[in-house]
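For reference, the chains in residue letters:
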Amino acid sequence: MAASTTAPSEAQHTNAPQAGAHIDPAAQVAAAGFVPVQTRSARPRSFEPEEFGTPTGREVNWKHTPVDRLSGLFSVAAQNDGVSHEITTGEQYIAESLSAGTAPRGEHFLSEDIVSAVAWQGSAEALHVRVPRDEEIAEPILVTITGHGADKRADGHIVIEALEHSSATVILRHRGSAQYAQNVEIIARAGSRLTVVSVQRWDDDAVHAASHQARVDNDAVLKHFVISFGGGLVRVNPNVELAGNGSEGYLYGLSYADAGQHLESQVYLHHKGAHTKGDVLYKGALQGESAHSVWIGDVLIGANATGTDSYEANRNLVLTEGARADSIPNLEIETGDILGAGHASATGRFDDEQLFYLQARGITEEEARRLVVLGFLTDVVQRLGIPALEEELLSAIETELAAVNQ
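Because the structure is a prediction, the values reported are computed rather than measured.

Caption draft 1: Here's a closer look at the packing of aromatic side chains. Tallied over the entire structure, the rule returns seven aromatic pairs. On the basis of an interplanar angle of 80° and a centroid distance of 6.2 Å, the ring pair of tryptophan 62 and phenylalanine 74 is categorised as edge-to-face. A residue pair is termed long-range when its members are at least 10 positions apart, and tryptophan 62 in the loop between helix 1 (25–32) and strand 1 (83–89) and phenylalanine 74 in the loop between helix 1 and strand 1 qualify at 12 residues. For tryptophan 62, a relative accessible area of 4% puts it in the buried group. Given the relative accessible area of 13%, phenylalanine 74 is considered buried. When the ring of tyrosine 282 is compared with that of tryptophan 295, the centres are 6.5 Å apart and the planes differ by 45°; the resulting orientation is tilted. Taken together, the residues tyrosine 282 in strand 12 (residues 277–286) and tryptophan 295 in strand 13 (residues 292–301) connect sequence positions 13 residues apart. Of the aromatic side chains, those joined through ring pairs into one cluster are Phe47, Phe109 and Trp120. Residue placement shows arginine 235 over the ring face of tryptophan 62; its charged tip is 3.9 Å from the ring centre.

Have a look at this one:
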């Protein structure tokens, strides 16, 4: 049975004005009978794709996305053979797959856009990563997701569950090419310590839209990383609910957009329990004509989230002409009894003073630019705490920088 909120989506509004007509906003709202949804918490949610309608690009959650390039993900895959999964390490932590309605699948997850609803309907069985109670896993659990061609479609749902007082790191590595609609459901039970890393190193013609939804219970800690370097269009949207008292959520992102790439993340952090702590930091670099990144950060501190400490920031470094970064932070607070909350956003080119400082010490301009970019992005890389992956990403950044200097 479909489950949805009563708030209507903008896609359901049919009283659009005729071209060239004068638009009176007040009259529009009165005629429509509702105020268009703006806050992330008020968006409709459902497992039924048709309840969302086909995006037009005018909706608040689609207006920065080239929806025409995503059109292949607006209906369930006919063959669903676009990707395959390989458990590279940690195979013993893969539990029996989960059909819709089989717990814990859907315990917390409820789609908030059409692509996510399509992924739910199109994935008959969900991969289930399950970390046993009280177990501390030292080596990361690595799931490699390989695309089999840009003309291939796939819908997928992954459940990552850390039971009480467990500790683990799960890496989702994406490569190859496909048109992939994906859901990732994350459950951090009481007292657990869970790190989830989603790495997108697709080929240039891949299209990937993912919805990550997480619930963090009492005294649990979730670290969530979105690392996007490859793909033609990659849209990974994390939604994290700090549901339990004393829970913590750390949401980090790193992207490097080349010519023609669109890399996007719409982040939602909901402080629901008391004495929760949240930190959001996304950094991106862009180079090449029509390189485009989008970051939208929404933080909601609920009425019962007393004693909350929260901060979100997005930083972008534009390396060449023709690249564009959209950055929109939002903060909603429903209680005054908090430790602190804030948000920040900055997008710009090289700092001339930094370059001058380095060049004044005998460093060439090219090397100075390299050092500035590495210093800018390494901050997020070092938070991973996974040496092999850190080395891989630093090498990837070096490769990108070499390309811009050619």
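Caption draft 2: Seen up close, the confidence of the model for the protein chain. The predicted model of the protein chain has a mean per-residue pLDDT of 90, with 90% of residues at 70 or higher. With pLDDT under 50 throughout, residues 1–32 is counted as low confidence; its partners more than four residues away or in other chains account for 40 contacts.

Caption draft 3: Main features of the pattern of salt bridges. Taken as a whole, this structure holds 21 salt bridges when the rule is applied. Of the charged contacts in the structure, one is a salt bridge between arginine 215 and glutamate 107, with a shortest N-O distance of 2.8 Å. With arginine 215 in strand 7 (residues 207–216) and glutamate 107 in the loop between strand 2 (94–98) and helix 2 (114–122), this pair connects stretches of sequence that are 108 residues apart. A cluster of three or more residues bridged by salt bridges with shared partners is formed by Glu107, Glu161, Arg189, Arg215 and Asp217.

Caption draft 4: The arrangement of the nonpolar core in detail. Within the largest apolar cluster, 51 residues are counted, with the highest numbers of intra-cluster contacts made by Ile160, Leu194, Leu222 and Val240. Ranked by residues supplied to this core, first place goes to strand 5 (residues 167–188) with eight residues.

Caption draft 5: Looking closely at the packing of helix 3 (residues 352–359) against helix 4 (residues 365–381). Between helix 3 and helix 4, the least distance of the axes is 9 Å, while the angle of their chain directions is 125°. Relative to helix 4, the element helix 3 is oriented oblique. The chirality of how helix 3 crosses helix 4 is right-handed. Where helix 3 abuts helix 4, its residues Gln354, Leu355, Leu358 and Gln359 lie against Glu365, Ala368, Arg369, Leu371 and Val372. In terms of residue class, the contact of helix 3 with helix 4 is made up of five nonpolar, two polar and two charged.

Caption draft 6: Molecular detail of the environment of threonine 144. In this structure, threonine 144 sits in strand 4 (residues 141–162). Taking the C-alpha atoms as reference points, threonine 144 and arginine 175, separated by 31 residues in sequence, lie 7.8 Å from one another. Excluding residues within four positions of it along the chain, threonine 144 makes contact with Ser84, His85, Glu86, Thr88, Arg173 and Arg175. Side chain to side chain, threonine 144 and threonine 88 meet in a polar contact 2.9 Å long.

Caption draft 7: Layout of unusual backbone geometry. The omega torsion across alanine 103 and proline 104 is 10°, close enough to zero to call that bond cis. Residue position: proline 104 is located in the loop between strand 2 and helix 2. Even without glycine at this site, histidine 165 takes up a positive phi of about 60°. With respect to the element layout, histidine 165 can be found in the loop between strand 4 and strand 5. For histidine 165, a relative accessible area of 48% corresponds to the partly exposed category.

Caption draft 8: Helix 4, seen in detail. With 17 residues, helix 4 should cover 24 Å at 1.5 Å per step; its first-to-last C-alpha distance of 24 Å lies within 8% of that length. At glycine 375, helix 4 shows its maximal kink, close to 25°. For helix 4, the complete set of buried residues consists of Ala368, Val372, Val373, Leu374, Phe376, Leu377, Thr378, Val380 and Val381.

Caption draft 9: Fine view of the side chain of threonine 146. Relative to the assigned elements, threonine 146 resides in strand 4. At 2.9 Å, the side chain of threonine 146 and the side chain of arginine 175 are in polar contact. If near-sequence neighbours (up to four positions away) are discounted, threonine 146 is found in contact with Gly82, Val83, Ser84 and Arg175.

Caption draft 10: Representation of the pairing of strand 3 (residues 126–131) in the model. Most of strand 3 sits out of view: five of its six residues are buried. Taken together, the three bridges between strand 2 and strand 3 define a ladder with antiparallel strand orientation. Within strand 3, the position partnered with leucine 98 by the bridge is alanine 126. Inspection of the sheet shows strand 3 paired to strand 4 by five bridges, in the parallel sense. Paired with histidine 128 across the two strands is valine 159, which belongs to strand 4.

Caption draft 11: Up close: helix 2. Counting buried residues along helix 2, eight of its nine residues qualify, which places the element largely inside the surrounding structure. All buried positions along helix 2 are accounted for by Ile114, Val115, Ser116, Ala117, Val118, Ala119, Trp120 and Gly122. Buried positions along helix 2 lie against strand 4, strand 5 and strand 7. Put simply, aspartate 113 is the residue that caps the front of helix 2, since its side-chain oxygen is 3.1 Å from the backbone nitrogen of valine 115.

Caption draft 12: Seen up close, the environment of arginine 189. Among the structural elements, arginine 189 can be located in the loop between strand 5 and strand 6 (193–200). Sequence separation between arginine 189 and valine 216 is 27 residues, and the spatial gap between their C-alpha atoms is 6.5 Å. Contacts of arginine 189, omitting those with residues within four sequence positions, involve Pro104, Glu107, Glu161, Ala162, Leu163, Glu164, Arg215, Asp217 and Ala220. A polar contact of 2.8 Å, which involves the side chain of arginine 189, links it to the side chain of glutamate 161.

Quick notes on the rules
- Residues numbered from 1 in each chain as written.
- Predicted model: local features only at pLDDT ≥ 70, side-chain atom pairs only at ≥ 80, totals over all residues.
- Heavy atoms only, no water.
- Phe/Tyr/Trp six-rings, centres within 6.5 Å; stacked < 30°, edge-to-face > 60°.
- Helix = DSSP H or I, 4+ residues; strand = E, 2+ residues; numbered from the N terminus.
- Buried < 20%, exposed > 50% of the residue type's maximum accessible area, 1.4 Å probe, protein only.
- Lys NZ or Arg CZ within 6 Å of the ring centre and 35° of its normal.
- pLDDT = per-residue confidence, 0-100.
- Contact = heavy atoms within 4.5 Å.
- Salt bridge = Lys/Arg side-chain N within 4 Å of Asp/Glu carboxyl O.
- Core = buried A, V, L, I, M, F, W, Y, C linked by side-chain atoms within 4.5 Å.
- Axes fitted to C-alpha atoms, helices over the stretch in contact; angles between N-to-C directions.
- Parallel < 35°, antiparallel > 145°, perpendicular 65-115°, else oblique.
- Left-handed = near helix turned anticlockwise from the far one by under 90°.
- Nonpolar A, V, L, I, M, F, W, Y, C, P; charged D, E, K, R; others polar.
- Polar contact = N/O pair within 3.5 Å; in protein donor to acceptor, adjacent residues only side chain to side chain.
- Expected span 1.5 Å × (residues − 1).
- Bend = angle between axes of the 7 residues up to and from the residue.
- Pairing = 2+ DSSP bridges.

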